[in-house]
Amino acid sequence: MKYYLNLGSNLGNRLLHITRALKAIGEEFGPYETSHKVESDPWGFDSTNRFVNIGVSIESDLDPEEVLVRLQKIEKGISPRGHRRWDGSYNDREIDIDIMATDGSPYDSPALHIPHRHLGRRDFFLKPLSELAPGWRHPASGLTASEMLTAL
């Protein structure tokens, strides 16, 4: 199955953190493709630190929960700092890796929702996804990432 990821960083040397994450993803999952980088303001919290985001597509036979566990291990290997505050709100972070979508069926569990539940509200998700998978369609709305981006 193809997984579409989003890597983001808004602390320290943002590109270095993303490069380290890409290296670890390559070691863990093999070859990957990347989108162009996207710079954005923080989403869902206030900060003066802008994000650099990049989309990544990987192939894996692992189930979504196992992919998530491995991606979280990569995050912790780059920075043990959590990306949420004590109250559950977002925080600045060295690296954040999200599963945006797959080319498979939707997936829903307490730990993971695919497609990502905020996909249609985040241009920094939709721009890379439209580049990596122009024909991908949201299973609920039937819209492509480009169409969702236009609707923002």
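The preceding data block contains the structure.
This is a predicted model, so every value here is computed, not measured. (Residues numbered from 1 in each chain as written. Predicted model: local features only at pLDDT ≥ 70, side-chain atom pairs only at ≥ 80, totals over all residues. Heavy atoms only, no water.)

K.L.:
I tried to follow the nonpolar core on my own but got confused; where do I start?
P.N.:
One finds Leu 5, Leu 7, Ile 25, Ile 58, Leu 71, Ile 97 and Ile 99 to be the most contacted residues of the largest nonpolar core, which totals 22 residues. Listed by contribution, the elements that provide at least two residues to this core are β1 (2-9), α1 (14-29), β3 (51-59), α2 (64-78) and β4 (96-102). Top element by residues in this core is α1. It accounts for six residues. Not counting residues up to four positions away in its chain, the partners in contact with Ile 99 are Tyr 3, Tyr 4, Leu 5, Pro 64, Val 67, Leu 68, Leu 71, Leu 112, Ile 114 and His 116. (Core = buried A, V, L, I, M, F, W, Y, C linked by side-chain atoms within 4.5 Å. Buried < 20%, exposed > 50% of the residue type's maximum accessible area, 1.4 Å probe, protein only. Helix = DSSP H or I, 4+ residues; strand = E, 2+ residues; numbered from the N terminus. Contact = heavy atoms within 4.5 Å.)

K.L.:
What should I look at first to understand the packing of α1 against α2 in this one?
P.N.:
Between two packed helices, both the angle of their axes relative to each other and the distance between the axes serve to describe the pair. Their axes nearest at 10 Å, the elements α1 and α2 cross at an angle of 140°. Put simply, α1 runs oblique to α2. Seen from above, α1 lies across α2 with right-handed handedness. Counted together, His 17, Arg 20, Ala 21, Ala 24, Ile 25, Glu 28 and Phe 29 of α1 and Val 67, Arg 70, Leu 71, Ile 74 and Ile 78 of α2 form the full contact between these two elements. (Axes fitted to C-alpha atoms, helices over the stretch in contact; angles between N-to-C directions. Parallel < 35°, antiparallel > 145°, perpendicular 65-115°, else oblique. Left-handed = near helix turned anticlockwise from the far one by under 90°.)

K.L.:
Can you walk me through the sheet that holds β3 in this structure?
P.N.:
The pairing of strands in a sheet comes from backbone hydrogen bonds and takes either a parallel or an antiparallel form. What the four strands build is an open sheet, ordered β2-β3-β1-β4; its pairing is antiparallel. Each end of this open sheet is capped by a strand with a single partner; those strands are β2 (32-40) and β4. Taking each pair of neighbouring strands and ignoring which way they run, the sheet shows an average axis angle of 20°. As judged from the eight bridges shared by β1 and β3, these two strands associate in the antiparallel manner. Within the sheet, the bridge partner assigned to Tyr 3 lies in β3 and is Ile 58. Lying on the sheet, α1 is in contact with β1, β2, β3 and β4; it crosses β3 at an angle near 10°. Each of β1, β3 and β4 is contacted by α2, which is oriented at about 160° to β4, the strand it contacts most. (Pairing = 2+ DSSP bridges.)

K.L.:
Explain the pattern of salt bridges here, please?
P.N.:
Any two side chains of opposite charge can pair if their charged atoms end up close together. Under the defined criterion, the tally for this structure stands at eleven salt bridges. One salt bridge connects Glu 33 with Lys 2, and the closest N-O pair in it is separated by 3.9 Å. Placement of Glu 33 in strand β2 and of Lys 2 in strand β1 is noted, with a sequence separation of 31 residues between them. On the basis of relative accessibility, which here comes to 47%, the residue Glu 33 falls in the partly exposed class. Between Glu 39 and Arg 14 there is a salt bridge, and its shortest N-O distance comes to 3.5 Å. Separated by 25 residues along the polypeptide, Glu 39 in strand β2 and Arg 14 in helix α1 bring together distant segments of the chain. (Salt bridge = Lys/Arg side-chain N within 4 Å of Asp/Glu carboxyl O.)

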